[in-house]
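# Close look at the chain arrangement
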Amino acid sequence: MKHFFFILAITLSSAISHAIGNSYISINTDNTSLILHVNTENNLMFMHYGLPIGEAGQYSGYNSYRRVDYGTDPMAYPTRGGRYYNEPAFAAKYEDTDLNTELKYVSHNIVHIQQDVTRTEILLQDPKTQLEIKLIYTAYAKEDVITTHSEITNKGKQEASMDHYASSAMNIKAGKYLLTHFHGAWAGEMQIARELLTHGTKVIDNKMGVRTTHTENPSFLLSLDTETFDENHGEVIAGALAWSGNYKLSFQIDEFERLNILCGINPYAGAYTLKKGQTFITPDMIWTFSAEGAGQASRNLHRWARNYGIYSKGKMSPTLLNSWEGAYFDFTTPVLTAMIDDAAEMGLEMFVLDDGWFGTDFPRNSSKQGLGDWQPNTNKIPEGIEYLANYAHGKGLKFGIWIEPEMVNPKSNLAKKHPEWVVKSAGREATTTRNQWLLDLCNPQVQDFVFSVFDETMKLASNKIDYIKWDCNRHVESFGSAFLKDQGEFYVNYTQGLYNVLKRLREKYPHVIVQSCSSGGGRVDYGALKYFDEVWTSDNTEGLSRIFIQYGTNMIYPACTTGSHVSTVPNHQTNNVTPLKFRFDIAAAGRLGMEMQPKNMTKDEYGFSQRAIASYKKFRDLIEEGDLYRLVSPYDGNHYAIMYVSKDKRRAVVMAYCIKYQGRSKTPLIRLFGLDKNRQYKISELNTDTPSFWGNGKTFSGEWLINQGMNPQLVKIYDSGIWYLEAE
Ligand code: DGJ
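Residues numbered from 1 in each chain as written. Predicted model: local features only at pLDDT ≥ 70, side-chain atom pairs only at ≥ 80, totals over all residues. Heavy atoms only, no water.

## Thoughts on the nonpolar core
To keep things clear, this is the line we draw: Definition used in this section: a nonpolar core is a set of buried Ala, Val, Leu, Ile, Met, Phe, Trp, Tyr and Cys residues joined via side-chain atoms within 4.5 Å. Only protein chains enter the accessibility calculation, which uses a 1.4 Å probe; a residue whose area is less than 20% of its type maximum is buried, one above 50% is exposed, and one in between is partly exposed. Helix numbering and strand numbering both begin at the N terminus, where a helix is a DSSP run of H or I of at least 4 residues and a strand a DSSP run of E of at least 2. Working rule for contacts: check all heavy atoms of both residues, and any pair within 4.5 Å makes them a contact.
Judged by nonpolar contacts, the single largest core of 192 residues is most densely connected at Leu353, Trp470, Phe619 and Met655. The element best represented in this core is helix α8 (residues 490–508), accounting for nine residues. Residue contacts for Met655: discarding those within four places in its chain leaves Asp585, Ala588, Ala589, Phe619, Ile623, Tyr640, Ala641, Ile642, Tyr644, Gly721 and Ile722. Residues Tyr629, Cys658, Leu672 and Ile683 belong to the second largest nonpolar core, which totals 24 residues.

Shown next, in the form of structure tokens:
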């Protein structure tokens, strides 16, 4: 009966509306509102995104005082042509060489697709070319998130060669726009860059095709009417594009001091031709708005990601030991089984066999050969992969394995058999990066092959593999596909090809945990996370670097997705030496793992690891599904501090680190903003016998902890502390 009413509600509410001129479309979440306006000329205009404004009809008679014969007020999806002269969301050249597109509102409908989720579809059409664009807005009420994309259909008689095809256009009016975005490099991803936008256009983009998030991430936060980034106060818009290929986010302040934001696929590598009858679906842009600072904007995105945006719906992967930094390519069965023994002994829950297990004619004993030939190397593991899986399972551990299915080494049987599968421009040599070529996922045969790499690997252990680490260690160069007729389609089709494969794999293997790794954090985006359960945040596992990398990454992506491992010292990437406790305390702020040879640890280190892993299990549900509060920014001085709080605010974990020595007297002041001021919390410091906070073991009111705060004695470089708080 309940079901019947729900269907009825959907049917009723999905009736198509034809708004008459001068009417409003409101897209609402619990605390935000996005308002569009169908004006008297049937143009779809952008009115508002931010806090609710009440009845949209109050705009009636609204006047921006622009000259009516000069330019236009902000449009919901601006196109090149007509009166519009700023950067367009959409632009195409038609066969008659017309470069104009002018969209008129046709109709819209609103569908309640599930509890608290509403989808608004607005149909626009160019009366001349018959090109149709549907704007799709999905509002997630409880998370205050609105996702949006466009669906472009060529209903006309001419092909449309598209130069721009953005997912989303947003138009904001504020006095100041402070942009926070994320840049970096291999082993230094997601560093913060912050700037006050000025007139002109600021672009964040990537053109590397794959491994697109090392240098910039397709995400940002925008603090409004301020020059200061504030975690707890002020209006902040955050956005992230769900696309694992070339992207472009542009921010243009126009002559009316309005900020025009465009987000979508980067069309830099040539136009994409939309044939007659064809539909092109752009990726989702995920938006949130917070009136309580950047912290709430991140928490909105995290909640949305856990409920809707990540394949695992926020279920964190098990703790693990990965073989890479402990063994690299140099292992045989006894090395691996000893690692499995140690992983079990230390309390870890999974063992992951990384690169180096395959290749027969071209054994993968270095990065120079073997990629593409996914047959196990029986010289290294004569007993086979199933033996290792059984061995791990016998010790109570899950078992995972590494693949890099999109790639091929020139030195491999695959490269000899299928040279036409390699990405390269026709008539030119393919270039290698890390001694490897990229396979052409535009080609359905290659898609089948990449699918089969995963599928056959699963079969090697009779489907007893619990976790796949999917790596991707190069970007696109000299792009081109022997399969495609029009190379303008290359970058888009590659990413769509990848998604086709992942979709098929998820149908067949819904329960295998899959990590997106791309030389570390090269594929960290919400497009990938639709299919992957977690990301390998960075190849840089060194504690100090990780503070900055995780601080940035977790502004947009929740901690349950970010793999975070303890490795040896001196660190293999940075040479830095940090205490084991410091390394554990920072790795515990994500999905904890280890990536070192346990045999090389001292007895004390081994014992400490057991203790830290056990204490992690006490609070990991908070890392998995708690709310993140950033308490002290590592960019502000000597310290870094964060906390995760349970939804009912009864439990919390606080983590703090000294990252610079500036005198023995400089203790941090950590105000625990995430707590409930009316509760009493008992504080216990973990992973130490010499607590750094005088209040260890005592009970404090939430009010005291928020308004006074903790002052632990973390003064020497790499001092760190983890405190577990429980309400009494
Ligand atoms: C790059 C990854 O990021 C590393 O973790 C490791 O898996 C290597 N590739 C293996 O080649």
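Past the structure itself, the notes keep going.
## Remarks on the site of the ligand
Filter applied, for reference: Summary of the distance rule: residues count as near a molecule or strand when at least one heavy atom falls within 4 Å of that molecule or strand. Whenever two N or O atoms come within 3.5 Å, that pair is a polar contact, provided that in protein one can donate a hydrogen and the other can accept it, and provided that, for residues adjacent in sequence, both atoms are side-chain atoms. Residue exposure ignores everything except the shown protein chains as possible cover, and the areas themselves are Shrake-Rupley values with a 1.4 Å probe. Residue classes follow a fixed rule: Ala, Val, Leu, Ile, Met, Phe, Trp, Tyr, Cys and Pro count as nonpolar, while Asp, Glu, Lys and Arg count as charged, and any other residue, Gly among them, counts as polar.
The environment of the ligand is formed by 13 residues, the closest being Asp354, Asp355, Lys469, Asp471 and Asp539. The side chain of Lys469 places a nitrogen or oxygen atom 2.7 Å from an oxygen atom of the ligand. Taking Trp536, its side chain carries an N or O atom lying 3.5 Å from an oxygen atom of the ligand. Here the ligand has 290 Å² of accessible area as a free molecule, and 98% of this is covered by the chains. In terms of residue class, the shell around the ligand is built from four nonpolar, three polar and six charged.

## Things to note about the pairing of strand β14 (residues 216–224)
In regular strands, side chains alternate between the two faces of the sheet. Which entries qualify depends on this criterion: At least two DSSP bridges between two strands are needed for those strands to be called paired.
Counting buried residues in β14 gives nine out of nine residues, a clear majority hidden from the surface. Of the two faces of β14, the one holding Glu216, Pro218, Phe220, Leu222 and Leu224 and the one holding Asn217, Ser219, Leu221 and Ser223 are both buried throughout. In terms of strand pairing, strand β11 (residues 177–183) meets β14 through six bridges, oriented antiparallel. Each residue of the ladder has a partner; that of His181, found in β14, is Phe220. Pairing analysis gives five bridges linking β14 to strand β15 (residues 236–241), with the strands arranged antiparallel. Counted as the bridge partner of Phe220 is Gly239 from β15.

## Brief notes about the side chain of Glu132
Along the chain, Glu132 falls in strand β7 (residues 131–140). Polar side-chain contacts of Glu132 include one of 3.1 Å to the side chain of Lys155. When sequence neighbours within four positions are dropped, the list of residues in contact with Glu132 reads Leu123, Leu124, Gln125, Glu151, Ile152, Thr153 and Lys155.

## Brief notes about the domain arrangement of the chain
Reports often express the size of an interface as the amount of accessible area lost when the parts come together. Basically, it comes down to this: Domain boundaries shown here were taken from an automatic or database domain assignment. We define buried area as the total accessible area lost by two parts upon association, computed with a 1.4 Å probe and summed across both. Any Lys or Arg side-chain nitrogen located within 4 Å of an Asp or Glu carboxyl oxygen qualifies as a salt bridge.
According to the domain assignment, the chain contains domain 1 (2–59 + 66–309), domain 2 (320–623) and domain 3 (630–727). The distance between the C-alpha centroids of domain 2 and domain 3 comes to 34 Å. Tallying the contact residues gives 26 residues for domain 2 and 26 residues for domain 3. Regarding the contact of domain 2 and domain 3, the summed buried area is about 2400 Å², with carbon and sulfur atoms giving 65% of it. The largest share of the area that domain 2 buries against domain 3 comes from Tyr551, Asp585 and Leu622, three residues that together contribute 27% of it. Where domain 2 meets domain 3, there are two salt bridges. Across the salt bridge formed by Arg651 and Asp621, the nearest N and O atoms sit 2.7 Å from each other. Where domain 2 packs against domain 3, one counts twelve residue pairs in polar contact (both at pLDDT 80 or more). Those elements that provide at least two residues to the side of domain 2 that touches domain 3 are α9 (543–556), α10 (580–587) and α11 (603–625). It is α11 that contributes the most residues to the side of domain 2 that touches domain 3, nine residues altogether. Its residues assigned to classes, the side of domain 2 that touches domain 3 comprises 17 nonpolar, four polar and five charged.

## Observations concerning the sheet that holds strand β34 (residues 680–686)
Going by this rule: Orientation is described by lines fitted to C-alpha atoms, with helices fitted over the stretch in contact, and by angles between N-to-C directions that extend from 0 to 180 degrees.
Spatially, the six strands line up as an open sheet ordered β31-β32-β33-β36-β34-β35, and their pairing is antiparallel. Looking at strand neighbours, the two that pair on one side only are β31 (627–632) and β35 (699–701), the edges of this open sheet. Taken pair by pair, the neighbouring strands of this sheet meet at an average axis angle of 25 degrees, ignoring direction. In this sheet, strand β36 (residues 720–727) lies alongside β34 in antiparallel orientation, the contact comprising six bridges. What sits directly across from Leu686, in β36, is Ile722.

## Some thoughts on the sheet that holds strand β29 (residues 562–566)
Judged by pairing direction, the barrel is parallel, and its eight strands sit side by side in the order β21-β22-β23-β26-β27-β28-β29-β30 before closing back on the first. Across this sheet, the average inter-strand angle for adjacent strands is 30 degrees, counted without regard to direction. Across four bridges, β29 lies against strand β30 (residues 591–594) in parallel orientation. Each bridged residue has a counterpart across the sheet, and for Val566 the counterpart in β30 is Met594.

## A word on the side chain of Asp98
With respect to the helices and strands, the residue Asp98 is situated in the loop between β4 (90–94) and β5 (104–114). Non-local contacts of Asp98, meaning those with residues more than four positions away in its chain, are made with Ala92, Lys93 and Lys128.

## Here's the deal with the packing of helix α7 (residues 444–460) against α8
Each pair of packed helices can be summarised by the angle the axes make with each other and by the distance between the axes. Heads up, the condition is: With the far helix as reference, a near helix turned anticlockwise by less than a right angle produces a left-handed crossing, and one turned clockwise produces a right-handed crossing.
Here α7 crosses α8 at 35 degrees, and the two axes come no closer than 9 Å. The handedness of the crossing between α7 and α8 is right-handed. Here Gln447, Asp448, Val450, Phe451, Phe454 and Asp455 of α7 lie close against α8, whose contacting residues are Gly497, Asn500, Val501, Arg504, Leu505 and Lys508. Considering only residue class, the contact of α7 with α8 consists of five nonpolar, three polar and four charged.

## Brief notes about α9
Counted only if it meets this: The span expected for a helix works out to 1.5 Å for each residue beyond the first.
Its 14 residues place the ends of α9 20 Å apart at the C-alpha level, agreeing with the 20 Å of an ideal helix rising 1.5 Å per residue. The N-capping residue of α9, defined by a side-chain oxygen 2.8 Å from the backbone nitrogen of Leu544, is Glu542.

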